[in-house]
Amino acid sequence: MSMNNLSPFQSDNTTTVLASVASGFANYADASGLDKEDLFDRAGLSLNVLQDPNQSICLKKFLDILDNAALTSGDDNFGLSLGADFKPEYLGLIGYIALSSATVGDAIYSIVQYFSSFQNNSSIKVKPYKGLISLEYQLWDASIISRRHDAELTMCILMNIVKRAYENQWAPVAVHFTHEKPDSGYLHSKVFHSDIEFNKDCHSIILRASDLDKPMPGYDPHLNSILVRTLNLLHKNHELSEKTSDKVSNIILNMFSKGYPTLTDVADHMGIPKWTLSRQLNEEGYSFSTLVEKTRRDLACHYLMKTSMNISKISEMLGYNETSSFTHAFTRWFGVPPKKWRENM
């Protein structure tokens, strides 16, 4: 298995995250009795990445580590469990920038501003929500299919930053996830101590506007200034991808959990006419049907490899009316029917 790791300055569009987050996982794995070396190796990462928290590693490989850790430990809520124990310091530079900010609001806005330097092709945005404040997390890389652990870990990290100001005596108003409610979904309420909603349009954590005024106990303007300059020097070339095709692929991926997505559905979600969306996709060399087909193909492989769902259920999840239609499409994609493909993996 290849042990090549990515440099801090990526010239391609691979989605990366700072290796500091892997240190947080490694500490949790040690405390949980997991073999971190085996988990890293199976994902194609070397433990050497732990020696330089400011280097970038492939996010997909890191999420493979979380998926495998969930299977190995038998903890279906592994991302949630890791997140509940995750210290903001494990975010590396942006974590320390947040902790050395003057107020919770300053800490949050620093995360918003610098998050794409921590993890590219991603964003955290602050938006008004029914008289409250919503922190919305988006991962724009539609090639990353397995997202639940990532989302639950990220929501926990945002919560833990705010809790630091309140000496852990704080809870969000609500937390939203785009994925379906897991069988053990009641554990989410125990971790967040708030209302949890699934099958929402985006991952978000809801808080009161007054929460932003709370002073951060580690406020240090001199240290904060040094950290900001360091981060800008290390990652000034990281840009958030704003391509329409990336956004559409991500929306299609989320919509498949609620039913078969149409051009009208996606255009309405984006707040633009469907002909405008078609034109923008055409300008980037894509059609809507091509993106739906690719997402269907990627999801099919994910369900066959990562779940025990039978072929009929997978067919239903992907919006096929007949299992035979799914089998025909899969055979066209890969040259073998899905059952045979699964047996060969």
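Report on the accompanying structure. All values reported here derive from a predicted model rather than from experimental measurement.

Looking at the pairing of strand β3 (residues 122–129)
Two elements, β3 and strand β4 (residues 132–139), share eight bridges in a ladder whose sense is antiparallel. Residue pairing in the sheet places Val-126 in a bridge with Leu-135 of β4. Here β3 folds back onto β4, and the loop between the two strands holds two residues, one of which, Lys-130, carries a positive phi near 50°.

Here's the deal with the nonpolar core
Residues Phe-25, Phe-62, Phe-78, Ile-111 and Phe-192 are the most contacted members of the largest nonpolar core, which totals 70 residues. For this core, the leading source of residues is helix α7 (residues 148–165), giving ten residues. Setting aside residues up to four positions removed in sequence, Phe-192 forms contacts with Leu-80, Glu-152, Met-155, Cys-156, Met-159, Ala-171, Pro-172, Val-175 and Phe-177. In terms of nonpolar packing, the next biggest core, distinct from the first, is built from 30 residues, Leu-281, Ala-300, Cys-301 and Met-317 among them.

Details of the layout of surface pockets
If you add up the space inside the largest pocket, you get close to 1000 Å³. Taken together, 29 residues make up the lining of the largest pocket; nearest its centre are Arg-148, His-179, His-302, Tyr-303 and Thr-307. In terms of residue count, the dominant contributor to the lining of the largest pocket is helix α13 (residues 288–306) (four residues). In the lining of the largest pocket, the residues fall into ten nonpolar, ten polar and nine charged. Taken as a whole, the second largest pocket encloses approximately 530 Å³ of empty space. Along its surface, the second largest pocket is lined by 23 residues, and Lys-127, Glu-136, Gln-138, Cys-202 and His-269 are the ones closest to its centre. Split by residue class, the lining of the second largest pocket holds eight nonpolar, eight polar and seven charged.

Re helix α12 (residues 274–283)
Thr-276, Leu-277 and Leu-281 are the residues of α12 that are buried. The buried residues of α12 all sit within an arc of 135° when viewed along its axis, so they share a single face. For α12, the exposed residues lying more than 90 degrees away from the buried face are Trp-275, Asn-282 and Glu-283. Contact partners of the buried residues in α12: α10 (244–255), α11 (263–270) and α13. Just past α12, the residue Gly-285 takes up positive phi, approximately 85°.

Digging into the sheet that holds strand β6 (residues 195–197)
Read across the sheet, five strands follow the order β3-β4-β7-β5-β6 without closing on themselves; strand pairing throughout is mixed. With partners counted over all chains shown, the strands left at the sheet margins are β3 and β6, one partner each. On average, adjacent strands in this sheet sit at an angle of 15° to one another, irrespective of strand direction. As paired elements, strand β5 (residues 174–176) and β6 share three bridges and run parallel to each other. Residue Ala-174 lies in a different strand from β6, and its bridge partner there is Asp-195.

Rules and cut-offs
Residues numbered from 1 in each chain as written. Predicted model: local features only at pLDDT ≥ 70, side-chain atom pairs only at ≥ 80, totals over all residues. Heavy atoms only, no water. Pairing = 2+ DSSP bridges. Helix = DSSP H or I, 4+ residues; strand = E, 2+ residues; numbered from the N terminus. Core = buried A, V, L, I, M, F, W, Y, C linked by side-chain atoms within 4.5 Å. Buried < 20%, exposed > 50% of the residue type's maximum accessible area, 1.4 Å probe, protein only. Contact = heavy atoms within 4.5 Å. 1 Å grid on protein atoms, 1.4 Å probe; cavity = no way out; pocket = protein on both sides within 12 Å on 5 of 7 lines; lining within 4 Å. Points joined across faces, edges and corners; volume = space filled by probe spheres on them. Nonpolar A, V, L, I, M, F, W, Y, C, P; charged D, E, K, R; others polar. Arc of directions from axis to C-beta. Axes fitted to C-alpha atoms, helices over the stretch in contact; angles between N-to-C directions.

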